[in-house]
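Analysis of the macromolecular model
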Amino acid sequence: MSFRYMLRRIWIKKVLGPQSCLNGPGRVAEAPLWQRCRGVASTANAEKVLFPGALNSQFTDKLDFMQPSEQNAIPTFRVMNQLGEIIDKEIGVETENEEALQIYKNMVKLSIMDLLMFEAQRQGRLSFYMVSAGEEGISIGSASALHPSDVAFCQYREAGVYLQRGFKLSDFMNQLFANAKDNGLGRNMPVHYGSKELNIHTISSTLATQIPHAAGAAYALKMQNIQNPDQEKRVAVCYFGEGAASEGDFHGALNIAATRQVPCIFICRNNGYAISTPTSDQYRGDGIASRGAGYGIATLRVDGNDIFAVRRATKEARRLALTHGGQPVLIEMMAYRVGHHSTSDDSFAYRQRVEVEDWKRRDNPITRLRKWLERQSLWDDAAEKELRSKTRKEVLKAFEEAEKEKKPSIRHAFEGVWEELTAEQREHVSEMRDVIRRYPKEYDVEGFEGGMRGLDELVRKKA
Amino acid sequence: MASKAPTIRALTRYLLRPPVPLHARCQRRQYSAAAPGARLNGSVEYDTVPILNHTSKSALSNPELPAETRNGQTKRINLYTAVNEALRHALQTDERVLVFGEDIQFGGVFRCTMNLAADFGTERVFNTPLCEQGLVGFAVGAAAEGMRPVAEVQFADYVFPSFDQIHNEVAKYRYRSGSTGVNCGGLVIRMPAGSVGHGALYHTQSPEALFTHTPGLRVVIPRSPTQAKGLLLSAIRCNDPVIFMEPKILYRAAVEQVPVDAYHLPLDKAEVLKTGKDVTIISYGTPLYTCSAAIAAAEKDFGCSVELIDLRTIYPWDRETILNSVKKTGRAIVVHESMMNAGVGAEVAATIQEKAFLKLEAPVKRVAGWATHTGLMFEQFIIPDVTRVYDAIKQTIDY
Ligand SMILES: Cc1ncc(C[n+]2csc(CCOP(=O)(O)OP(=O)(O)O)c2C)c(N)n1
Ligand SMILES: [Mg+2]
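Residues numbered from 1 in each chain as written. Chains lettered and ligands numbered in written order. Predicted model: local features only at pLDDT ≥ 70, side-chain atom pairs only at ≥ 80, totals over all residues. Heavy atoms only, no water.

As recorded in an unreviewed UniProt entry, chain B goes by the name 3-methyl-2-oxobutanoate dehydrogenase (2-methylpropanoyl-transferring), listed as coming from Setomelanomma holmii. In its Cofactor (unreviewed entry) section, the UniProt record describing chain B reads: "thiamine diphosphate". Annotation of chain B in UniProt includes, under Catalytic activity (unreviewed entry), the sentence "N(6)-[(R)-lipoyl]-L-lysyl-[protein] + 3-methyl-2-oxobutanoate + H(+) = N(6)-[(R)-S(8)-2-methylpropanoyldihydrolipoyl]-L-lysyl-[protein] + CO2". (UniProt positions renumbered as here; feature names shortened; annotations may be inferred.)

Chain A has the name 2-oxoisovalerate dehydrogenase subunit alpha in an unreviewed UniProt entry, where Setomelanomma holmii is given as its organism. According to UniProt, the comment filed for chain A under the heading Cofactor (unreviewed entry) is "thiamine diphosphate".

The structure is reproduced here in structure tokens:
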């Protein structure tokens, strides 16, 4: 509501009396705080400011600039310490043993897939890869606390969300090779996964663009939650890095999410770096969590190496997100980016090797959970060895199979831009097909599923 | 995790077990590579291509260089080093120059800003937060208050958050400010652009046509290290804001002899790279190499003579040089990577048609990206290759 609009209402109220102030006299009692008519700024002895922009502020005669740097940093929520001991035994871990084991196995699987795919890229068998090292707990832990029907938006370092939701090794590998079985139809760079069945939108390389999408999707879910009261209520969840949180899209997203009160969980992975840029060049506030208050959003900072804390925080965030018909929640998950940014990056150009080694030794979501499992006698070296060897074999099998597949049909180069091929595109396809036909030695089309037939079909398919 | 290193090595061996029939020479998986038996495609040889200066003598014979420079030394460098040298010279000679962008402090993801922060200090060379609209808007303000900011956008594909700043602010600042005279000249926005073989949707784009639709901007795309150095220095000195798009595949691929001195190249002149009689090819950036290879094959096979022009400054562009050439040859082909629809080729072709209609022997042909996005596996079919340019020459002279 604009200020001018407010003033107009105030004027109407003066002229017409209180009854006609709101949309209808019957709604006076239900009107939320922000809709109620207010007098001008304040009366002489009022204690509270009545400016429309800050309704609960008290007057003060102290000239006191807020100095965020002088305030205590926002605490970091933990359930389990570095030794795998549970801090509040009464609440415990809120996780069944079976589930803890399943989560552990998935984290190990993710880390093994990462090691192998990183190597595969180094050998020239993939063009690109990004690992999750150090952040497996955030993606897998949070995904394990969501409902499968919740809608997820990812950045690129959240392969664990896919894995935990049931993305198969073959699904990963087909995407990485962009082969004929890749559901992205060979169009995207490696690690830009997507899955309709698992309710995860396909990743875009353009940072932060998914954050407002998540807010809008959450609004759609909010409406659908109301329209289909018999169905499981759904939330949207959005992952992004602390670097991406500098983009305008982050601000736009959280602000609109707050004004529309959408059931969305915004999960920031704060891993200390955006490629080479340390957080000290990225922001000067208290992390990303400190921004939540600015948007009027419930916010928590969590130890991302503590899988139980991640799970509890996400579960509670989900509950909060669905109360009062919907509201956004922000969680800042703390971690350290153990790996290089991507296979295109050599992080020792901007950080010390020892910094990384220190971190690896200090803490890690996988070893921390393993400590807990061992304390519970749920795990031992033999189990670890067996799991690792079995998982390696599974990954390599999927890898080899995917590598053997054909490339996707060339038709996918043109389809999917619009719902239907345009006349212009069809002409372009014809021209391209004509060149390939006349210069057969110059093009290797046989590696693509269906060879030239992919193009023939496109040209033939008249609108 | 450190203890796992030997295991990784063991796994590596395991991974290597079934040897894959990859081309021996390619380091990384080439999603878009030329066919093994190709004669035309994949025939760009950067070591011998005539559009690079392989000797000091040819580098110094460039008539656009000032006399002192032509009497000076040259050094064999690649394109990112040439950019670095231009930035270094600008920082050294003009205290108004600032260099900033995402990750530039450690040298940048393409190494263009190596050692600049160390040598000139982080007051003048610094990392920005990850926010293109923020950093470009910041550059506008700094320029409007008398600095010469050189802002880097990490990839041309990520310039769009700053599109509002560029189209509505950068371009209109001078006009809007009227007789106050305030403007943001001196602002340069650098960005790596273009295809590299495996960049897919968001590491491949060449969005120049989106900026050539905006009066008030200058859009420059260098083809080589020599050009990059001289054009970037002119862009920094220019009192109009400049969008400077660097073909990122050329950062390392294009290596040539470059004058050691600082020098400036004109921002309003196209350059005739090769004279010819029968057909004019107009292009810029990476496709010039494609064109050069296609011309070599076409001239040999068809006995024709092809003129090759580098547009260099894509907007405002040098109509005179292009029209004079087309009036001479009677035939024109425009080649660019980005999509054909409403691309630079459309503008050039329309201008030729308007101004040289009676001299034309054939329709102006466009060889450009098709009307689609650059899907990872399909780049080789979408971005113009040597075969398509070769065939366009044939079709145009046979018309
Ligand atoms: C709009 C945009 N600008 C720049 C980039 C280039 N880029 C890719 S990842 C990245 C760093 C992101 O850091 P962060 O959000 O912290 O995620 P992390 O990599 O740490 O997981 C940058 C700058 C991009 N992809 N999109
Ligand atoms: Mg980060």
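Moving on, we get to the overall build of chain B. The secondary structure content of chain B amounts to 16 helices and 14 strands. Taking the principal axes of its C-alpha atoms as reference, chain B extends roughly 70 × 60 × 45 Å. Going through the 399 residues of chain B one by one, you find that 59% of them count as buried. In chain B, once contacts between residues fewer than 6 apart in sequence are set aside, the share between residues at least 24 apart is 82%. Of the roughly 15,700 Å² of accessible surface on chain B, a fraction of 51% belongs to carbon and sulfur atoms. Here chain B holds 42 positive side-chain charges and 39 negative ones, and the gap between their average locations is 5 Å. (Helix = DSSP H or I, 4+ residues; strand = E, 2+ residues; numbered from the N terminus. Buried < 20%, exposed > 50% of the residue type's maximum accessible area, 1.4 Å probe, protein only. Contact = heavy atoms within 4.5 Å. Areas by Shrake-Rupley, 256 points an atom, 1.4 Å probe, with all protein chains shown as cover. Lys, Arg positive; Asp, Glu negative; His and termini not counted. Charge placed at Lys NZ, Arg CZ, Asp CG, Glu CD.)

The next thing to look at is the interface of chain A and chain B. Taken together, the contact between chain A and chain B spans 71 residues of the former and 67 residues of the latter. For the pair chain A and chain B, the two sides together bury roughly 5,800 Å², of which 60% comes from carbon and sulfur. At the surface where chain A touches chain B, the tally comes to 2 salt bridges. The salt bridge involving D391 of chain B is made with R438 of chain A; its shortest N-O contact spans 2.6 Å. Connecting chain A to chain B are 18 residue pairs in polar contact (both at pLDDT 80 or more). Elements with a contribution of two residues or more to the side of chain A that touches chain B: α2 (97-122), α5 (169-177), β5 (277-278), α8 (279-282), α11 (353-362), α13 (381-404) and α14 (423-438) of chain A. The dominant element in the side of chain A that touches chain B, judged by the number of residues it contributes, is α14 of chain A, at 8 residues. Residues belonging to the side of chain A that touches chain B are distributed by class as follows: 32 nonpolar, 20 polar and 19 charged. (Buried area = accessible area lost by both parts, 1.4 Å probe. Salt bridge = Lys/Arg side-chain N within 4 Å of Asp/Glu carboxyl O. Polar contact = N/O pair within 3.5 Å; in protein donor to acceptor, adjacent residues only side chain to side chain. Nonpolar A, V, L, I, M, F, W, Y, C, P; charged D, E, K, R; others polar.)

This part takes up the pairing of strand β10 (residues 279-283) of chain B. All names here are of chain B. Among the 5 residues of β10, 5 are classified as buried, and the element is accordingly described as predominantly covered. Along β10, one buried face is formed by V279, I281 and S283 and the opposite face, lined by T280 and I282, is buried too. As defined by bridge partners, β10 adjoins strand β11 (residues 306-310) across 5 bridges and the pair is classed as parallel. Note that in β11 the partner of I281 across the bridge is L308. At this point the chain moves from β10, through helix α12 (residues 287-302), to the parallel β11, and the crossover so formed is right-handed. (Pairing = 2+ DSSP bridges. Right-handed = clockwise from strand over helix to strand, strands pointing away.)

Once that is clear, we can look at the site of ligand 1. The environment of ligand 1 is formed by 22 residues, the closest being Y156, R157, N271 and Y273 of chain A together with E132 of chain B. With respect to ligand 1, the chains having nearby residues are chains A and B. In this structure, E242 of chain A approaches ligand 1 through a side-chain N or O atom, which is 3.1 Å from an oxygen atom. Between an oxygen atom of ligand 1 and a main-chain N or O atom of G243 of chain A, the distance comes to 2.9 Å. About the coverage of ligand 1: the protein hides 97% of its 590 Å² of free accessible area. (Near = heavy atom within 4 Å.)

A few words now on the packing of α2 of chain A against α5 of chain A. Residue and element names in this part refer to chain A. At a closest axis distance of 12 Å, the pairing of α2 and α5 adopts a crossing angle of 25°. In terms of orientation, α2 lies roughly parallel with respect to α5. Like other packed secondary-structure pairs, α2 and α5 cross with a definite hand, here right-handed. The residues of α5 that touch α2, namely those facing K109, M113 and M117, are L169, F172, M173 and L176. Classifying every residue of the contact of α2 with α5 by side-chain character gives 6 nonpolar, no polar and 1 charged. (Axes fitted to C-alpha atoms, helices over the stretch in contact; angles between N-to-C directions. Parallel < 35°, antiparallel > 145°, perpendicular 65-115°, else oblique. Left-handed = near helix turned anticlockwise from the far one by under 90°.)

So, on to the pairing of strand β14 (residues 365-369) of chain B. Residue and element names in this part refer to chain B. Note that strand β13 (residues 332-339) and β14 share 4 bridges and pair parallel. Within β14, the position partnered with V334 by the bridge is R366. Crossover β13 to β14 through helix α14 (residues 344-356) is right-handed.

Right, let's get into the coordination of the magnesium ion (ligand 2). Residue and element names in this part refer to chain A. Around the magnesium ion (ligand 2), the donor atoms from the protein are E242 (OE), N271 (OD1) and Y273 (O), and they sit 2.1 to 2.2 Å away. Positions of the donor residues of the magnesium ion (ligand 2) along the chain correspond to the pattern E-x28-N-x1-Y. Owing to a relative accessible area of 10%, Y273 belongs among the buried residues under this scheme. (Donors = N, O, S within 2.8 Å, 3.2 Å for Na, K, Ca; no water.)

Two pairing modes exist for strands in a sheet, parallel and antiparallel, and in both the strands are linked by backbone hydrogen bonds. All names here are of chain B. Spatial ordering of the open sheet is given by β9-β11-β10-β13-β14, a layout of 5 strands whose pairing is mixed. Of all strands in the sheet, those with a lone pairing partner are β9 (271-274) and β14, marking the two edges. For this sheet the average axis-to-axis angle between neighbouring strands, irrespective of direction, equals 25°. Sheet analysis places β9 next to β11, joined by 3 bridges and oriented antiparallel. The residue of β11 that forms the bridge with K274 is L308. Along the sheet, helix α13 (residues 319-329) makes contact with β9, β10, β11 and β13, crossing β10 at roughly 155°. Against the sheet, helix α16 (residues 386-398) contacts β10, β11, β13 and β14, and its axis sits at roughly 165° relative to β14.

In this section: the packing of aromatic side chains. Taken as a whole, this structure holds 28 aromatic pairs over all chains when the rule is applied. Residues F308 of chain A and W372 of chain A carry aromatic rings whose centres are separated by 4.9 Å and whose planes lie at 70° to one another, so their mutual orientation is edge-to-face. Of this pair, F308 of chain A sits in helix α10 (residues 307-321) while W372 of chain A sits in helix α12 (residues 365-375), and the two are 64 residues apart along the sequence. There is no split in this pair, since F308 of chain A and W372 of chain A are both buried. For the pair F448 of chain A and F378 of chain B, a centre-to-centre distance of 6.3 Å together with 35° between the ring planes defines the contact as tilted. A residue pair is termed interchain when its members come from two chains, as with F448 of chain A in the loop between α14 and α15 (453-460) and F378 of chain B in the loop between β14 and α15 (379-382). The residues F448 of chain A and F378 of chain B share a single accessibility class, namely buried. The residue whose ring lies beneath R362 of chain A is W359 of chain A, and the NZ or CZ to ring-centre distance is 4.8 Å. Directly above the aromatic system of Y173 of chain B lies the positively charged group of R176 of chain B, at a separation of 4.8 Å from the ring centroid. (Phe/Tyr/Trp six-rings, centres within 6.5 Å; stacked < 30°, edge-to-face > 60°. Lys NZ or Arg CZ within 6 Å of the ring centre and 35° of its normal.)

What follows deals with a positive patch on the surface. All names here are of chain B. Taken together, the side chains of R319, K327, K355 and K359 define a basic patch exposed on the protein surface. Examined against the element boundaries, K359 turns out to sit in the loop between α14 and β14. Exposure remark for K359: the relative accessible area of 47% places this residue in the partly exposed category. (Patch = residues over 30% accessible without salt bridge, like charges linked within 9 Å, V, L, I, M, F, W, Y side chains within 5 Å.)

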